[in-house]
Amino acid sequence: MKAFANGCFASLLLVAVAGAQTDWYLRGGAATARLAGPEPASLVGPRAHATLPGGDWRVVFGVDANGHPGALGFSVPDGGLVRLATEPAGAEVATRLDPNGAGWTDCAGTDTLRTTGGSDATDYRLAATVAGDVSCGLIARFRGPDEFYAFLVDLERREVRLERRLGPKPLVLATAPLPNTSAAARELVLQVHGFRLQAIVDGTAVLQIFDGGIQRGAYGMCWRGPMPGFAAMSVSPPAVPRASQAMVAIGSNTIELHAATTVSPGHWWFVELVLDRPHPLVPLDANGIEPWLCQRPAAPQAMLCDWRGSLGPAALGVVPDDGLVRARCTWPELPAVRNLGAMARLALVGADGSALAGHSPATMVEFRAIRAR
């Protein structure tokens, strides 16, 4: 009897653990999405699935051929369902660099500068993985030991810095606290695109500034003392910001949409549930909006939010300064659509309502209960 009771308890425990899991699906570009939460995980696009525990999560999308989708953070209930989406794209086109290979030029001093590439290079994205918790940096638009940009990791001050060198002394352009990341390896990225300088640590932008002091030059790395373990180094075209979306199902008829947008603050957003089946071309005016023809829309919409709150009070709003939108939708119990599906997305409209600025990537919604697994 005791063994039977222990067996029943173990079975119930396994059921409880299994019920706490959540299903994750990714549809997007050919890149890796890194998940930071109750346990580290990753999803490799363009299609992927994983079973993970509920909790607070942060998703950092990798760079693909069309740019860098924005990172998202949200909570997932036990037994929930998460669908991540970015627009389809191929893999990033990057040139691999061997930090210890041929073709480098060293410039010794207080800091060792090691550079490569032509002096006429203008816009690029330099990435490197550095082993260990060490002080080092990346260099861009290098034209000599007294003319370049540097992205530095300073362990003594526990900060990261963007500096411009135009002469014997550097000018600090921006600083930020060093992110609390794994000391085993740290991914550093320095991107220069026109006047925009961006520094990224482990997929998250930590510094961004506009500066036009240096227009072109070579790229490389710098360090003080023994050379750190630079690995997986590459250079590629600049990665422009891209939109991303996460759909979190939190009940039988409620979802949350979390989207990173690229429109300027002040745009309107609203939720629409649409069908992705083929349909005739929809007439659109010069502003991308279907003209008012005194009849129902030609686009095959499943549901559309409105000012009455038909899909809930958080189904429309204004894009905030950080471009991150959180929507929550609850639809009525509709037996006619049960077990059917639609695509949920955000429509982005100009501040005056006259032009459609675009949509967030769509994620599938199923009109049925999400059972705990």
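Everything here concerns the structure above.
Residues numbered from 1 in each chain as written. Predicted model: local features only at pLDDT ≥ 70, side-chain atom pairs only at ≥ 80, totals over all residues. Heavy atoms only, no water.

An account of the nonpolar core is needed here, citing residue identities and associated values.
Residues L138, F151, L162, L188, F230 and M233 are the most contacted members of the largest nonpolar core, which totals 34 residues. Among the elements that line this core, the one with the most residues is strand β12 (residues 124-131), at four residues. Counting residues in each nonpolar core, the second largest holds 25 residues, with L81, A259, M303 and L346 among its members. (Core = buried A, V, L, I, M, F, W, Y, C linked by side-chain atoms within 4.5 Å. Buried < 20%, exposed > 50% of the residue type's maximum accessible area, 1.4 Å probe, protein only. Helix = DSSP H or I, 4+ residues; strand = E, 2+ residues; numbered from the N terminus.)

Talk me through the pairing of β12; I want residue IDs and the actual numbers.
Burial analysis of β12 places six of its eight residues in the buried class, which makes it a mostly covered element. Across six bridges, β12 lies against strand β21 (residues 229-236) in antiparallel orientation. Of the residues in β21, the one forming a bridge with A131 is G229. (Pairing = 2+ DSSP bridges.)

Give a detailed account of the layout of surface pockets, specifying residues and quantitative values.
Estimates place the volume of the second largest pocket at around 680 Å³. Around the second largest pocket, the lining comprises 30 residues; the ones closest to its centre are H68, G70, Q198, A205 and P241. Of all the secondary-structure elements, those providing two or more residues to the lining of the second largest pocket are β5 (55-60), β6 (68-69), β17 (185-193), β18 (196-201), β19 (204-210) and β22 (241-242). Broken down by class, the residue content of the lining of the second largest pocket amounts to 13 nonpolar, 11 polar and six charged. (1 Å grid on protein atoms, 1.4 Å probe; cavity = no way out; pocket = protein on both sides within 12 Å on 5 of 7 lines; lining within 4 Å. Points joined across faces, edges and corners; volume = space filled by probe spheres on them. Nonpolar A, V, L, I, M, F, W, Y, C, P; charged D, E, K, R; others polar.)

An account of the environment of G90 is needed here, citing residue identities and associated values.
For G90, the location among the structural elements is in the loop between β8 (81-85) and β9 (95-97). Along the sequence, G90 and G45 sit 45 residues apart, while their C-alpha atoms lie 9.6 Å from each other.

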